[in-house]
Amino acid sequence: MLNVLKMAGRNLLRYQRRTALTSLLIVIGIVAVLLFISITGSFKSVMIGQFTDSVLGDMEIHHKGYVASIDNLPLNLNMSGGVARKVGDILAHDSAVEAYSPRVKFAAMFSNFTETTGVRVNGVDPRMEDATCPLLRDRLVKGAENGPLLKRGEILIPVLLAEGMKIKVGDTIVLVATNLEGSVNGKTFVVGGVLDSISVPGGRDGYIDIEDARELLRMNTPEVSEIAIRLKSLAQLSPAYSRLKRDLSGITNKDGKPILEVHTWAALSPFANLARMIDVMTLFIKITLVAIVLVSVMNVMMMAVYERIREIGAISAIGTPPARILALFLSEGLLLGLAGTLLGTAISLIAIYALNVWKIAFTFGQQQHIVLAPWIGVGDIVTIAVLVVAVAVLASLQPAWKAARMDPIGALRHV
């Protein structure tokens, strides 16, 4: 077999220009695919992190039916304090959970005493929310960046609201909300910070302390609208989701039916559809790579067979078995695929390294200065490499089969 590979290598070197052009096509295809995978993978990771680490968490737990009515922020579908404590016990014993944050969400009227508008309010435990959504603090464009995320009596407001109503940090505003019984209550707050917007559900919400929220809504018990969860690694999302769904099924109503449901970030964020589109685009780029390799290798191998008909007839006439001729041409395709793959992978890795040195930065929505850090996994490199080499060999199969079945006498007479 080694001798066959040596002969295949010499044959490729005999036609250096054709070999170089074919290898160049393979290299271009591999570089395009690996760079696309690395950049889109980085984009997905950054944007998923923007959503999960600043607003949503990796997963959220709600009372059944809450998500279906989430636009109305229904107070009648809050979890009771007892149920929330049971969920907390489950999360505390789950090794995949890094942090979790209970929230009270409601709609309110927001007034600076001269203008009034509607706002969605999140009542949170500052310490737990900071641990669950660490990028929330990074969205602070005005206000204290150190110390607690917020204090009792303070509110964090979105930048669009601050600019539209000309509200500054330190100003006093009032929130007016209607509780579950239909009673209206108001409470004054001091603006403790202004949050930059982000294009996700909840990106324009205000934040207050969870005890202030319960006081404003006149809750007699520590109810919870949702519990956001941060995992130690997003790679644990699928098993953690399945495990949590099973554990929560044990929390039932008086009829023995589960009352809670858990959702991943993908079920709560519209960006999940964009992420799936990126995956589809990546698939089509891979298909394009296969087509490039298939056409280029098949073309060069067919030309090689056509130009070497008399040579094939000669080696066949002296007793070279068809299997050896077949192996010779398949080896040429294999070497073309390997050479293009190695060179293309090396160029891709150098380019990815360069893109990490000279950063790619852009704006997304109103979120400023998002920096990409392109990366490629070993699995992706191996998959593309195996795919290219396999297609190169398969593309050589038809020309190689034709050469192996060639009649020696007819081949020697070919002009």
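Structural data are supplied above this passage.
Note that the coordinates shown come from a computational prediction; the quantities given were computed from them, not determined experimentally.

Here is what the cut-offs are and how they apply
- Residues numbered from 1 in each chain as written.
- Predicted model: local features only at pLDDT ≥ 70, side-chain atom pairs only at ≥ 80, totals over all residues.
- Heavy atoms only, no water.
- Helix = DSSP H or I, 4+ residues; strand = E, 2+ residues; numbered from the N terminus.
- Buried < 20%, exposed > 50% of the residue type's maximum accessible area, 1.4 Å probe, protein only.
- Contact = heavy atoms within 4.5 Å.
- Areas by Shrake-Rupley, 256 points an atom, 1.4 Å probe, with all protein chains shown as cover.
- 1 Å grid on protein atoms, 1.4 Å probe; cavity = no way out; pocket = protein on both sides within 12 Å on 5 of 7 lines; lining within 4 Å.
- Points joined across faces, edges and corners; volume = space filled by probe spheres on them.
- Nonpolar A, V, L, I, M, F, W, Y, C, P; charged D, E, K, R; others polar.
- Axes fitted to C-alpha atoms, helices over the stretch in contact; angles between N-to-C directions.
- Parallel < 35°, antiparallel > 145°, perpendicular 65-115°, else oblique.
- Left-handed = near helix turned anticlockwise from the far one by under 90°.
- Pairing = 2+ DSSP bridges.
- Polar contact = N/O pair within 3.5 Å; in protein donor to acceptor, adjacent residues only side chain to side chain.
- Patch = residues over 30% accessible without salt bridge, like charges linked within 9 Å, V, L, I, M, F, W, Y side chains within 5 Å.
- Salt bridge = Lys/Arg side-chain N within 4 Å of Asp/Glu carboxyl O.
- Core = buried A, V, L, I, M, F, W, Y, C linked by side-chain atoms within 4.5 Å.

Undergrad: Outline the overall build of the chain, listing residues and values.
TA: Scanning the chain from terminus to terminus reveals 14 helices and twelve strands. For the chain, the residues scored as buried account for 48% of the 415 residues in total. Across the chain, the fraction of contacts at a sequence separation of at least 24, relative to all contacts at a separation of at least 6, is 80%. As presented, the chain carries roughly 20,200 Å² of accessible surface, and 62% of it is formed by carbon and sulfur atoms.

Undergrad: How would you summarise the environment of Gly153 if you had to cite specific residues and measurements?
TA: Take Gly153: it is sitting in the loop between β4 (140–143) and β5 (154–158). Accessibility expressed as a relative area gives 23% for Gly153, which makes it partly exposed. When the C-alpha positions of Gly153 and Ile208 are compared, they lie 7.5 Å apart, and in sequence the two are 55 residues distant. With residues up to four places along the chain from it excluded, the contact list for Gly153 reads Phe189, Val190 and Asp212.

Undergrad: Describe the layout of surface pockets, naming the residues involved and giving the relevant values.
TA: Approximately 400 Å³ is the volume attributed to the largest pocket. As for the largest pocket, its lining consists of 22 residues, and the residues nearest its centre are Thr40, Gly41, Lys44, Ser45 and Asp279. Listed by contribution, the elements that provide at least two residues to the lining of the largest pocket are α2 (16–56), α9 (265–268) and α10 (271–307). For the lining of the largest pocket, the element with the most residues is α2, which contributes eight residues. Here the residues of the lining of the largest pocket are counted per class, giving ten nonpolar, seven polar and five charged.

Undergrad: Can you lay out the packing of α2 against helix α12 (residues 322–357) for me, pointing to particular residues and giving the numbers?
TA: Where α2 contacts α12, the two axes come as close as 8 Å, and the packing angle between them is 40°. Taken as axis vectors, α2 and α12 run oblique relative to one another. Judged by the twist between their axes, the crossing of α2 over α12 is right-handed. Between α2 and α12, the residues in contact are Thr19, Thr22, Ser23, Ile26, Val27, Ile30, Val31, Leu34, Leu35, Ser38 and Ile39 and Leu336, Gly337, Gly340, Thr341, Leu343, Gly344, Thr345, Ile347, Ser348, Ala351, Ile352 and Leu355, respectively. The class makeup of the residues in the contact of α2 with α12 is 13 nonpolar, ten polar and no charged.

Undergrad: Please provide a residue-by-residue account of unusual backbone geometry, values included.
TA: Even without glycine at this site, Leu73 takes up a positive phi of about 45°. Assignment of secondary structure puts Leu73 in the loop between β1 (59–63) and α3 (81–92). By relative accessible area, which is 5% here, Leu73 ends up buried. The backbone of Lys166 sits at a positive phi, close to 55°, despite the residue not being glycine. In this structure, Lys166 sits in the loop between α6 (159–164) and β6 (172–178). Classification of Lys166 by relative accessible area gives exposed; the value is 69%.

Undergrad: I'd love a proper account of the pairing of β6, names of residues and values included.
TA: Direction of pairing for strand β2 (residues 97–111) relative to β6: antiparallel, over a ladder of three bridges. Bridge pairing in β6 links Met109 to Val176. The sheet contact formed by β6 and strand β7 (residues 184–195) spans seven bridges and is antiparallel. Looking across to β7, one finds that Val174 is bridged to Thr188. With antiparallel pairing between neighbouring strands as the criterion, β6 and β7 make up a hairpin whose turn holds five residues, including Gly182 at a positive phi of roughly 90°.

Undergrad: Go over the side chain of Asn179 with me, naming the residues and quoting the values.
TA: With respect to the helices and strands, the residue Asn179 is situated in the loop between β6 and β7. Here the side chain of Asn179 touches Ser183 through a polar contact of 2.8 Å, landing on its backbone nitrogen. Those residues in contact with Asn179 that lie beyond four places of it in its chain are Leu75, Leu217 and Arg218.

Undergrad: I'd love a proper account of a nonpolar patch on the surface, names of residues and values included.
TA: Nonpolar side chains collect at one region of the surface, where Val280, Leu283, Phe284 and Ile287 lie side by side and expose about 390 Å² of accessible area between them. On the secondary structure map, Val280 appears in helix α10.

Undergrad: Please give an account of the nonpolar core that cites residues and values.
TA: In terms of nonpolar packing, the biggest core is built from 37 residues, with Ile61, Val87, Leu244, Leu248 and Leu260 touching the most fellow members. Counting residues per element, this core draws most heavily on α2, at seven residues. Once residues within four sequence positions are removed from consideration, Ile61 is found in contact with Met79, Val87, Leu91, Ser225, Glu226, Ile227, Ile229, Leu244, Leu248, Leu260, Glu261 and Val262. Residues Phe106, Ala108, Phe189 and Ala213 belong to the second largest nonpolar core, which totals 26 residues.

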